[in-house]
Structure formats: C-alpha cells, structure tokens
Amino acid sequence: MTISVAERAELRAAVRDLLHSRCTEADVRRVMASADGFDRDLWRRLAEQGVAGMVIEPAYGGVGLGALDVEAVAEETGAALLPAPFVSSAVLTTALIAAAGTEEDKRRLLPHLADGTSIGTAAVTGSRGTWTPDGVDVRADGTLTGSAHYVVFGQIADLILVIAETADGPGIFEVQPDADGFTRTAATVFDPTVPLSTYTFDHTPAQRLGTAGWDAVQQALDLATIALAGEQVGGARRIFDITVDYLKTRIQFGRPIGSFQALKHMAADLLLDVESATSAAQHAATQHAAGSENAAGAIALAGFTCAEAYRHTAMQAIQMHGGIGFTWEHPAHLYLRRARTGVPLLGGPRLHRDRYLASKGA
C-alpha cells in the first residue's frame, strides 16, 4: 500500500508522540535494567499504531507499508533509543516470512507479529558476523547443527527463524523455542537496549519455510538495513540537537561555549555528517520503494554512511560536552553505545562498501 507524504508525516508524528511520553530517557534506563531489556506494554501500544505490522500485508493483519514508511518511523525509534525489536521483529523477521514463506506460513505466523503478541528474530550469521552466505555456521541435514551469533533480542523471541546451509544452498528454517538441542545464551553487550544472543543447535528439529534461498534473505536484509540506517540518522540527529542546546546554554568565561570558533567548526562538520547520512537513508528507501535497479547500491551506501556518521557524531558530542559527557547520568553515552552497537550489525561498513563498489562495477 502506498500512502501520501502527509499520511507518512502523520504516522511519524503519532509514533513520536507515543515515544515522547512512554520512551523517555528515564524509561530507557528503567528498561535497560530490567530482566529482558524490553517494555512489552510499549511494544503493544506501537503495534496498535501499526508499527509491528508495517511491512505485513493487510490480508495477514498488517498495514502493508513500504521502505519509505519504515525509514521514517525508524528515525523516530532511533531518536528515542527505543529498547524494542523494531528492526529484528517488525522488519527483518516479517520480511523473511513474506519473501520465503508459503501461504500457510504467512497466515500462521504474520498476524501474531503484526499485533505484537509474538516477537520474532532471525539467526543469520555465524561468529565472524559477515551476514553473507559464507558466514552461515548452521547446517541443515534433517535437523540443525551449529551456531548463530549476534541474534538481536534473541532471548525473548518466541518466533525464531534460522538461516542454515543445505545441500542446495542456504535455507530459512523455523525452530520452536523449546526444541530439543536448542540453546540460547545472552551475550555480554555494550548497549543494553540492543540485547544480543548466541544460538547453538545440536540436532535440533526445524521446519523449513518454503524453498527460497539467500535471495530471500538478502531481500529481508536490504529492508532491515534501511530500517537500521533510519534509526542511526534519527539517533545522530537527536544527540546533535542535544549537543547544540548544551553549547548554547553552557557559559564559560562569561560567554556561551557555542560562540567559540573551534566548537562552531565542530558543530558545522557534524551537521554536514547528519544531513548527508539522512539523505543517504532516505534515498535508499526511495530507491527500494521504486524497485530501482540502483537500489542495491543506494542501500549499501546508506549501510556504511549512516553507521559511521552516527558513531562519529556521538563520539564528538561527548567531547563537546566535556567531562559531563562521560558520566553515567548524561544521555550522551547512551547514544554512543547505540551507535557503536549498530556499526557491525547486518554486515557492517566493510560489507556495505564492497556491495556498493560491486553495484558500480568496480
């Protein structure tokens, strides 16, 4: 379904309003300290707004929106540091089912993801974290054996998809949370708002979704990369705005420190980074939505541009805050944690640069 620019703005505003009231800094810190790092009530409310089922077709209980809408909403979830499985469940998992599942699979799985009663995740890559076919460390031979790493919100997921190597190439399998031989272990993470897990499989029974291979996985990863890029530019812009407000109000030597030339230049450079990254994320979404032959290159460009801009902006923001930026009480470090965590997810800058160069025939 295609919605107008005005309707997209209304959706974005509705999500922003909810997050302003239910995902404040205090809320994020509270959820970070909880057992599963997840606010189920907030996720239910987001599902009521259609966020959990954004890319799910209406026939399966979703809204049927596209990449432009995903990117727009992701900017808001990133700005709020939403501690919820937007990218992993609402985008990556649902896109995998849409690309690979049979009609029966879609009717069985998608409605529960759309209404937020089910949380999905996808175990895609092995310990090397390449997010490519040769990085898959799970093998399928009647059952699944091997391991998967960097599984986002893997501890709370009740709908688990696993990419496993078969005799005919990668396939997409569903594993029940209580399946024999399946173990999930919470990883030590730098950012508690993005919990990661390691999955191990020891002759674990699994059901294959359809017959699709890596092409379906790449389709889902492309949309998830757009969502992640949206979150990254949303976070970068928010910490930039926080920093500019600080430069305007922090007085030193009788003047706002924002009037100092060195800090002016730093702020100008960061603004350029944020604006450029935002353009890259939105361009990738536009190309994807149009089905352009240039979409792969645009998504790859956003994949490394947005990750690096967010990390750089968050690091510089802490420097510009001075000593207070290093303290636990200040939110700057929360954005740096999210920025650094997002860099290697879904492939990281090196993979995206390689894909971008390949798209240009280099």
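Every chain's residues receive numbers from 1 upward, in the order its sequence appears when written. Local features in this predicted model are restricted to residues of pLDDT 70 or higher, and side-chain atom pairs are both shown and tallied only at a pLDDT of 80 or more, whereas totals for entire chains, interfaces and linings draw on every residue. Side-chain descriptors were evaluated using all non-hydrogen atoms of the structure, hydrogens and water having been removed beforehand.

Section: the overall build of the chain
Secondary structure elements follow DSSP: runs of H or I of four or more residues count as helices, runs of E of two or more count as strands, with numbering from the N terminus. From N to C terminus, the chain includes eleven helices and ten strands. The reference for a compact globule is 2.2 Å times residues^0.38; the radius of gyration itself is calculated from the C-alpha atoms. By the compact-globule yardstick of 21 Å for 362 residues, the chain fits well, its C-alpha radius of gyration being 20 Å. Each principal axis of the C-alpha atoms in the chain carries an extent, and together these give about 75 × 45 × 35 Å. The buried share of the chain, reckoned over its 362 residues, is 55%. Here a residue-residue contact requires only that any non-hydrogen atoms of the pair lie within 4.5 Å. Residue pairs at least 24 apart in sequence account for 74% of intrachain contacts in the chain once pairs closer than 6 positions are excluded. Here the open area of atoms and residues is found with the Shrake-Rupley method and a 1.4 Å probe, where only the protein chains shown may cover a residue. With the model as given, the accessible surface of the chain reaches about 15200 Å², and the carbon-plus-sulfur share is 53%. Only protein chains enter the accessibility calculation, which uses a 1.4 Å probe; a residue is then buried when its area is under 20% of its type maximum, exposed when over 50%, and partly exposed in between.

As for the nonpolar core
Residues enter a nonpolar core if they are buried and are Ala, Val, Leu, Ile, Met, Phe, Trp, Tyr or Cys, with the set joined through side-chain atoms within 4.5 Å. One finds Trp43, Leu46 and Phe86 to be the most contacted residues of the largest nonpolar core, which totals 102 residues. By residue number, the principal contributor to this core is helix H7 (residues 214-249), which donates 18 residues. With near-sequence residues (within four places) excluded, Phe86 lies in contact with Trp43, Val51, Met54, Val70, Val73, Ala74, Thr77, Val91, Ala227 and Glu231. Counting residues in hydrophobic clusters, the runner-up holds 16 residues, among them Val138, Ala140, Ala164 and Phe201.

A closer look at the pattern of salt bridges
Put simply, a salt bridge is a Lys or Arg side-chain nitrogen that is within 4 Å of an Asp or Glu carboxyl oxygen. Per the counting criterion, the structure on display carries 20 salt bridges. Salt-bridge contacts for Arg12 lead to Glu76; the nearest nitrogen and oxygen are separated by 2.6 Å. In this pair, Arg12 is assigned in helix H1 (residues 5-22) and Glu76 in helix H4 (residues 67-79), connecting sequence segments 64 residues apart. For Arg353, the salt bridge identified is with Glu308, shortest N-O distance 2.8 Å. Taken together, the residues Arg353 in helix H11 (residues 348-359) and Glu308 in helix H9 (residues 295-321) connect sequence positions 45 residues apart. Counted as one network, the salt bridges with shared partners bring together Arg22, Asp41, Arg44, Arg45 and Glu48.

Some points on the domain arrangement of the chain
Frequently, the measure chosen for interface size is the accessible area removed from exposure when the parts meet. Residue ranges assigned to the domains are those given by an automatic or database domain assignment. As assigned here, the chain comprises domain 1 (5-115), domain 2 (120-212) and domain 3 (215-360). Domain 1 and domain 2 are separated by 22 Å when their C-alpha centres are compared. With 24 residues of domain 1 at the contact, the number on the domain 2 side is 19 residues. We define buried area as the total accessible area lost by two parts upon association, computed with a 1.4 Å probe and summed across both. Taken together, both faces of the contact between domain 1 and domain 2 bury some 1600 Å²; the carbon and sulfur share is 72%. Per-residue buried area on domain 1 facing domain 2 is highest for Met32, Leu96 and Ala100; these three make up 27% of the total on that side. Taken together, domain 1 and domain 2 are joined by one salt bridge. Put simply, Glu174 and Arg108 hold a salt bridge, and the shortest N to O gap is 2.8 Å.

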